[in-house]
Amino acid sequence: LAEDRQRLEKGVRLWAARKKHTLQELTTFSRGEEILRVYEPGMFSLVFMDIVMDQLNGIETAKKLRETDTDLLIVFQTTSREFAFDAFPVHPFDYLIKPCEQDRLEQVLQEAVRVLNAGNTMVTIRTARTALEVPLQKISAVLSHGHTVELWLTDKTMLEGRMTFREVEKLLQPHPQFLACNRGVIVNMDHVDSMQNGTAKMKTGEQYALRVRNQNEIITRFSQYMITRMRTHMGG
């Protein structure tokens, strides 16, 4: 509804003015088809979207956005928490239950800023010629390759690190989103689409076999991570 968009836009601008944040671009769309016509990866950092919309609904719109941009933060607006769980496979960042209070909106915005800033956290990877600073959240998976490692990034490029798998594992250990799912394989759970049938399927399309010996433990840890993130985003 137009009044929902206007209320949301007013709330975002109020928060930005209060926190002295500069909004590089704030655009509103009345239908999912409108944003899909113009959207390019990286155009926006955060999108608020109603789950129920005319024609293409919010979940279907989010699925199409996800096909080209796995890093976009998507916040769904809904009138019921029940609808929120329908959207979970799209990996939403958060939810707003309408009508949304300004305090709740600002909580979501502050968390988005924190996550976006955390996405700038770097790890140093030694390569054959130099040491590269790699954004932590751009790492999709790490694979052992003899005495080196392959770092697969969310844009599907690969970096060859002249480091041992154990060295990289120690770098990533403080960060709970990274999970060793097999011998010589670490995945970033934020970029895992599903874990089933003995396989971790990544949002980028790659698939990695899960270790047989403690497969249930691996799947349980992934499920717990996703549930914890879900509860956090649902406000407990």
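In this text the structure is predicted, and so the values were computed from the model without any measurement. (Residues numbered from 1 in each chain as written. Predicted model: local features only at pLDDT ≥ 70, side-chain atom pairs only at ≥ 80, totals over all residues. Heavy atoms only, no water.)

Digging into the pairing of strand β10 (residues 185-188)
Filter applied, for reference: Classification of residues uses two cut-offs on accessible area relative to the type maximum, computed with a 1.4 Å probe and protein chains only: under 20% is buried, over 50% is exposed, and between them is partly exposed. We count a stretch as a helix when DSSP gives it H or I for four or more residues in a row; a strand needs E for two or more, and each element gets its number in order from the N terminus. A pair of strands is considered paired only if DSSP assigns at least 2 bridges between the two.
Alternating positions in β10 separate into two faces, Val185 and Val187 on one and Ile186 and Asn188 on the other, with burial throughout. Across four bridges, the pairing between strand β9 (residues 178-182) and β10 is antiparallel. Bridged to Leu179 within β10 is Val187.

Topic: the nonpolar core
Here is the rule we go by: Remark: nonpolar core denotes a set of buried residues (Ala, Val, Leu, Ile, Met, Phe, Trp, Tyr, Cys) joined through side-chain atoms within 4.5 Å. We call two residues in contact whenever any of their non-hydrogen atoms come within 4.5 Å of each other.
Among the nonpolar cores identified, the biggest contains 17 residues, and Cys181, Val187, Met195 and Tyr208 are the most heavily contacted of them. If you tally residues by element for this core, the top one is helix α7 (residues 215-233), at four residues. Among residues more than four places away in sequence, those in contact with Val187 are Ser140, Ala141, Gln177, Phe178, Leu179, Cys181, Val192, Met195, Met202 and Tyr208.

Considering the environment of Arg31
If you trace the backbone, Arg31 turns up in the loop between α1 (2-19) and α2 (32-38). A sequence separation of 74 residues divides Arg31 from Leu105, and the C-alpha atoms of the two residues are 21 Å apart.

Focus: the pairing of strand β1 (residues 46-50)
Summarising the sheet, β1 and strand β2 (residues 73-78) pair through five bridges and their orientation is parallel. Looking at the pairing, Leu46 lines up with Leu73 of β2.

Some remarks on the sheet that holds strand β3 (residues 94-97)
Put simply, the rule reads: Note on definitions: angles span 0 to 180 degrees between N-to-C directions of axes, and those axes are lines fitted to C-alpha atoms, for helices only across the stretch in contact.
The strand order across the open sheet built from three strands is β1-β2-β3, with neighbouring strands paired in parallel fashion. Both outer strands of the open sheet, β1 and β3, are each paired with one neighbouring strand and no more. Averaged over neighbouring strand pairs, the angle between their axes works out to 25° when direction is ignored.

What to know about the sheet that holds strand β13 (residues 207-209)
Pairing is antiparallel in the open sheet, where three strands are placed in the order β11-β12-β13. Single-partner strands in this sheet number two, and they are β11 (192-196) and β13. Strand-to-strand, the axes of this sheet are offset by a mean angle of 15°, without reference to chain direction.

Regarding unusual backbone geometry
Going from Lys98 to Pro99, the amide bond is cis rather than trans, its omega being -5°. Inspection of the secondary structure assignment puts Pro99 in the loop between β3 and α5 (102-118). Although it is not a glycine, Lys20 adopts a positive phi angle of roughly 60°. Even without being glycine, Lys156 reaches a positive phi, approximately 70°. Position of Lys156 relative to the elements: it lies in the loop between β7 (148-153) and β8 (158-161).

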